[in-house]
Amino acid sequence: MAEGEPLALTYIPEVILKKRKHKEESIALTRKNQLELGQHGGKKKKVDDIKRPEQLVREFRDKELDLIRMKQRTKRAKSGLSIPNSKLLFVIRIHGKNDMHPKTRNILYKLRLTRIFHGVFLKVTPGVLELLQKVEPYVTYGYPNVKNVSDLIYKKGYGKIDNKRVPLVDNNIIEQALGKHGIVCLEDVVHEVANAGPHFKEIVSFLGSFSLNRPKEGLLGKKALYKDGGDTGNRENQINDLINKMN
């Protein structure tokens with residue numbers, strides 16, 4: 001090669017040049033979006049999630065107030081606690097946990113009401129009624145009729161086998177789990193629950209809680225008692241109307 005002769009340019013295929021251009025444009029667009037969102041888009045959301053001291057104090061006071069009111073309800077209930085004529089209750093959790101004291105939450109979990117709009121069958125005992133008094137602002141309950149007991153079990157019922165929820169599509173599932181108690185089909189389950197029979201505890205433990213639908217027209221959102229125009233507490237036979245709306 002003669003001295004001073006220009007070097008030949010390296011040939012780069014057009015496909016590679018297009019890929020480079022596309023990558024550069026993509027990086028530039030991403031950078032622009034980051035700058036518009038504050039460099040790392042998610043940081044603003046994280047700042048919003050940080051609670052101010054006054055908010056933490058307010059939540060603490062609300063939870064302590066919930067505990068005080070729970071104790072007051074319990075004291076008032078002991079003098080006038082009476083066993084209703086019905087042996088069976090259906091209890092629905094209708095409020096969340098924003099201002100709930102941990103002791104209240106533990107009682108709801110003990111009743112297997114871990115989520116809003118979940119319902120459970122309970123046998124009426126003084127102990128159960130006392131627990132319901134403690135969590136009254138968060139639940140509503142009453143005496144379900146046989147039709148609603150049957151509809152809930154057939155439409156919403158699931159069994160728990162090996163910690164897994166299993167739909168009750170086959171009586172073999174019932175016999176496998178409850179056959180030792182003489183319960184071999186869904187009809188036996190409905191009869192035992194509706195009459196709060198001797199194997200009621202084993203059946204409701206097997207069934208777990210029922211996931212219900214939010215009522216189309218909604219609830220009032222009031223923690224006042226149902227008899228005082230609110231949503232909570234004992235609805236007696238009127239619980240059947242609510243079950244029909246949520247089933």
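Residues numbered from 1 in each chain as written. Predicted model: local features only at pLDDT ≥ 70, side-chain atom pairs only at ≥ 80, totals over all residues. Heavy atoms only, no water.

Draft legend 1. The overall build of the protein chain, seen in detail. For the protein chain, the count of helices and strands is ten helices and seven strands. When burial is assessed residue by residue, the protein chain has 34% of its 247 residues classed as buried. In the protein chain, the proportion of contacts linking residues at least 24 apart, taken out of those at least 6 apart, comes to 71%. When the accessible surface of the protein chain is totalled, it reaches about 16400 Å², and 52% of it is carbon and sulfur. (Helix = DSSP H or I, 4+ residues; strand = E, 2+ residues; numbered from the N terminus. Buried < 20%, exposed > 50% of the residue type's maximum accessible area, 1.4 Å probe, protein only. Contact = heavy atoms within 4.5 Å. Areas by Shrake-Rupley, 256 points an atom, 1.4 Å probe, with all protein chains shown as cover.)

Draft legend 2. Geometry of unusual backbone geometry. Although it is not a glycine, Asp162 sits at a positive phi angle of roughly 55°. With respect to the helices, strands and loops of the structure, Asp162 is situated in the loop between strand S4 (158-161) and strand S5 (164-167). Backbone geometry at Asn163 places phi at a positive 65°, although glycine is not the residue there. One can find Asn163 in the loop between S4 and S5. Looking at Asn163, the relative accessible area reads 83%, which means it is exposed.

Draft legend 3. Looking closely at the side chain of Thr140. With respect to the helices and strands, Thr140 occurs in strand S3 (residues 139-142). For Thr140, a relative accessible area of 0% corresponds to the buried category. One polar contact links Thr140 to Arg235, side chain to side chain, over a distance of 2.6 Å. Not counting chain neighbours up to four residues away, the residues in contact with Thr140 comprise Phe90, Val91, Ile92, Ile94, Asp231, Thr232, Gly233, Arg235, Ile239 and Leu242. (Polar contact = N/O pair within 3.5 Å; in protein donor to acceptor, adjacent residues only side chain to side chain.)

Draft legend 4. Quick peek at the side chain of Lys156. By the element assignment, Lys156 lies in helix H6 (residues 146-156). It turns out Lys156 is buried and unbridged, and the closest side chain with the opposite charge, Asp151, is 11 Å from it. Among residues more than four places away in sequence, those in contact with Lys156 are Asp151, Phe210, Ser211, Asn213, Met246 and Asn247. (Lys, Arg positive; Asp, Glu negative; His and termini not counted. Salt bridge = Lys/Arg side-chain N within 4 Å of Asp/Glu carboxyl O.)

Draft legend 5. Inspection of the sheet that holds strand S1 (residues 88-93) at higher detail. Pairing within the open sheet is mixed, and its five strands lie in the order S6-S2-S1-S3-S7. The strands lining the two open edges of the sheet, one partner per strand, are strand S6 (210-211) and strand S7 (233-236). The pairing of S3 with S7 spans three bridges and is parallel. Within the sheet, the bridge partner assigned to Tyr141 lies in S7 and is Asn234. Those strands touched by helix H5 (residues 126-134) are S1, strand S2 (118-123) and S3, and its axis lies near 25° from that of S1. (Pairing = 2+ DSSP bridges. Axes fitted to C-alpha atoms, helices over the stretch in contact; angles between N-to-C directions.)

Draft legend 6. The pairing of S5, seen in detail. Taken together, the four bridges between S4 and S5 define a ladder with antiparallel strand orientation. Residue pairing in the sheet places Gly159 in a bridge with Val166 of S5. Here S4 folds back onto S5 in antiparallel fashion, the turn holding two residues, of which Asp162 has a positive phi close to 55°.

Draft legend 7. Here's a closer look at the packing of aromatic side chains. For the structure on display, the rule yields three aromatic pairs. For the pair Phe121 and Phe210, a centre-to-centre distance of 5.4 Å together with 85° between the ring planes defines the contact as edge-to-face. Here the residue Phe121 occupies a position in strand S2, and Phe210 occupies one in strand S6, the gap between them amounting to 89 residues. Classification of Phe121 by relative accessible area gives buried; the value is 2%. Given the relative accessible area of 1%, Phe210 is considered buried. Members of the aromatic cluster, joined through ring pairs, are Phe90, Phe121 and Phe210. Its end group placed over the ring of Tyr158, Arg165 keeps NZ or CZ at 4.4 Å from the ring centre. (Phe/Tyr/Trp six-rings, centres within 6.5 Å; stacked < 30°, edge-to-face > 60°. Lys NZ or Arg CZ within 6 Å of the ring centre and 35° of its normal.)

Draft legend 8. Just the packing of helix H8 (residues 186-194) against helix H9 (residues 200-207), in detail. Where H8 contacts H9, the two axes come as close as 9 Å, and the packing angle between them is 120°. Overall, the two elements H8 and H9 adopt an arrangement that is oblique. Our pair here, H8 against H9, has a crossing hand that is left-handed. Contacts from Val189, Glu192 and Val193 of H8 reach H9 at Phe200, Ile203 and Leu207. A per-class count over the contact of H8 with H9 returns five nonpolar, no polar and one charged. (Parallel < 35°, antiparallel > 145°, perpendicular 65-115°, else oblique. Left-handed = near helix turned anticlockwise from the far one by under 90°. Nonpolar A, V, L, I, M, F, W, Y, C, P; charged D, E, K, R; others polar.)

Draft legend 9. Highlighting the environment of Asn145. Along the chain, Asn145 falls in the loop between S3 and H6. Residue Asn145 is classed as partly exposed on the basis of its relative accessible area of 34%. Put simply, Asn145 and Ser86 are 59 residues apart on the chain and 10.0 Å apart in space, counted from C-alpha to C-alpha. Polar contacts involving the side chain of Asn145 include one to the main-chain amide nitrogen of Asn148, which spans 2.8 Å.

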